[in-house]
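Examination of the molecular architecture
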Amino acid sequence: MRAGLIKLFWFMLLTMVAILPANAVVIAPQVSVGLGFEFTSGDYGTATTTNSVYAPLMIDVSTAGGWGVSLDIPYVYQSNTNVIAGQFHQMQGSQSGMQRTIAAMGSGGSSRGGGSLRSASNTDPSKPQSGLGDIALRVGYVLIQETDLVPQVKPVVSVKFPTADRDRGLGTGEFDEGASVEISKWFGDWYTYLEPGYMFQGESADLPLKDYVSCSGGVGYQVTENLQSLAILKGSSALAEGSSSLLEARLKLKYQTTLHTGIEGYLAKGIASSSPDFGAGVAVFYNF
C-alpha cells in the first residue's frame, strides 16, 4: 500500500516538471534566506507540560516561471521527550517561515483524544533534549496564475528527511512525503488562502504512525504598503493511532522593513488537546 502511495507522490512531482512550458524564459531566481525562532508550550492532554523551541534556517527560491523551492534546516529543543518534535509543517507562499510549526504527536497510549506519543527513546523522558531537527523540502509550481476572477493555484510536493535523532525524541526516524494545493486570491487589500494536503508518514515498528489530512487557511489585510496582518486556522487529522486531531489559531504580522529585509511574528492558541496550549514566534528574512 505505502509503495503505491510513494509512486503516486513521485508521479505528481514528475508531472509538475513535465508541465513546465518548453519555451519558458530562463530568469535568475529570487532567493530569500531567513532565520526563525518559535516557542510552544502545552501539556497535550497529559499531566506534564512540554516546552519546545524550533529555530529554522529557511531558504526559499522562486522563479518568474512559477517554480518555488523551500528548504528548512531546523534546530529543535524540548524540555522533555513526552512528545515528538517537528511533525506538522504546513507552509504557504515563498516566504512562509512563520507558518511552520511544531506539533505534538498526540496519544499513543490507552487514553483517547489526548496524551502524548513517546518515542522509542533510550534516554530519560523527563530530561531536555536538543539538536538538529528533521529537514523539510518543498517544491511547488504555479499551475494557474491569478486573474480578476480566478485564484492562483499551486500544487506542492514535500519531503521530510529523518535527520533528527529518534532516540532523543527529536523525530520519528522516518521519511515522510506529502502533497498539497495552495489556493490564494487577492480582493483589493484583502488576501485569502487555503491549502489542503495529505501526508504519507513512514512506517515505524516503534510508533503507531498513520497518514493524515492537513489544512491551513486564512484571511489577511494589507494595512500599509509594508505591513500585512493575517488570521490563520491550521489543523490536521490524527497523526498516530489512538491520538486526536490537531487545530490551532494564529494571528500574524508581516513587515517589510527595507527593500531586501522583512520580519514576521505570530501568536498562536491551541484549540485541540493534542495541539500546543500557546505559541509565539519571530523570523527575519533577507531577499537577494
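Provided above is the structure to which this section pertains.
Worth saying up front: this structure is predicted, and the values here are computed from it rather than measured. (Residues numbered from 1 in each chain as written. Predicted model: local features only at pLDDT ≥ 70, side-chain atom pairs only at ≥ 80, totals over all residues. Heavy atoms only, no water.)

Looking at the packing of aromatic side chains
Rules: Pairing of aromatic side chains requires ring centres within 6.5 Å, counting the rings of Phe and Tyr and the six-membered ring of Trp. Pairs whose planes differ by under 30 degrees are stacked, by over 60 edge-to-face, and all others tilted. Strands are runs of DSSP state E lasting at least two residues, helices are runs of H or I lasting at least four, and both sets are numbered from the N terminus onward. The buried label applies to any residue whose accessible area, calculated with a 1.4 Å probe on protein chains only, is under 20% of its type's maximum; exposed applies above 50%, and partly exposed to all values in between. Either the NZ atom of lysine or the CZ atom of arginine qualifies as a charge over a ring when it sits within 6 Å of the ring centre and within 35 degrees of the ring normal.
Tallying each qualifying case throughout the model produces 8 aromatic pairs. Judged by centre distance (5.8 Å) and plane angle (75°), the rings of Phe-161 and Phe-175 are edge-to-face. Of this pair, Phe-161 sits in strand β6 (residues 152–161) while Phe-175 is found in the loop between β6 and β7 (176–187), placing the two residues 14 residues apart along the sequence. On the accessibility criterion, Phe-161 (29% relative accessible area) is partly exposed. One aromatic cluster is present, formed by Trp-186, Tyr-191 and Tyr-193 through successive ring pairs. We note Lys-185 situated over the ring of Phe-187; from NZ or CZ to the ring centre the distance is 4.9 Å. Its guanidinium or amino end placed over the ring of Tyr-266, Arg-250 lies 4.0 Å from that ring's centre, counting from NZ or CZ.

Observations regarding the pattern of salt bridges
Spelled out, the test is: Just to be clear on terms, a salt bridge is a Lys or Arg side-chain nitrogen sitting within 4 Å of an Asp or Glu carboxyl oxygen.
Under the definition given, this model contains 8 salt bridges. With its nearest N and O atoms 3.4 Å apart, the salt bridge here joins Asp-134 to Lys-160. Pair noted here: Asp-134 is in the loop between β4 (129–132) and β5 (135–141) and Lys-160 is in strand β6, with a separation of 26 residues, a long-range link. For Asp-134, a relative accessible area of 5% translates into the label buried. Glu-182 serves as the salt-bridge partner of Arg-138, at 2.9 Å between the closest nitrogen and oxygen. Pair noted here: Arg-138 is in strand β5 and Glu-182 is in strand β7, with a separation of 44 residues, a long-range link. Linked by salt bridges that have partners in common, Asp-134, Lys-160 and Asp-176 make up one network.

Some remarks on the side chain of Thr-50
We apply this condition: Here a polar contact is taken to be a pair of N or O atoms separated by no more than 3.5 Å, where protein atoms must pair a possible hydrogen donor with a possible acceptor and residues adjacent in sequence count only if both atoms sit in side chains. Residues count as neighbours in contact if any of their non-hydrogen atoms are within 4.5 Å of one another.
Note on placement: Thr-50 falls in strand β2 (residues 50–62). Given the relative accessible area of 0%, Thr-50 is considered buried. Within polar-contact distance, the side chain of Thr-50 engages the side chain of Asn-80 at 2.8 Å. Other than its neighbours up to four places away in sequence, Thr-50 contacts Thr-40, Ser-41, Gly-42, Tyr-44, Gln-78, Ser-79, Asn-80, Asn-82 and Val-83.

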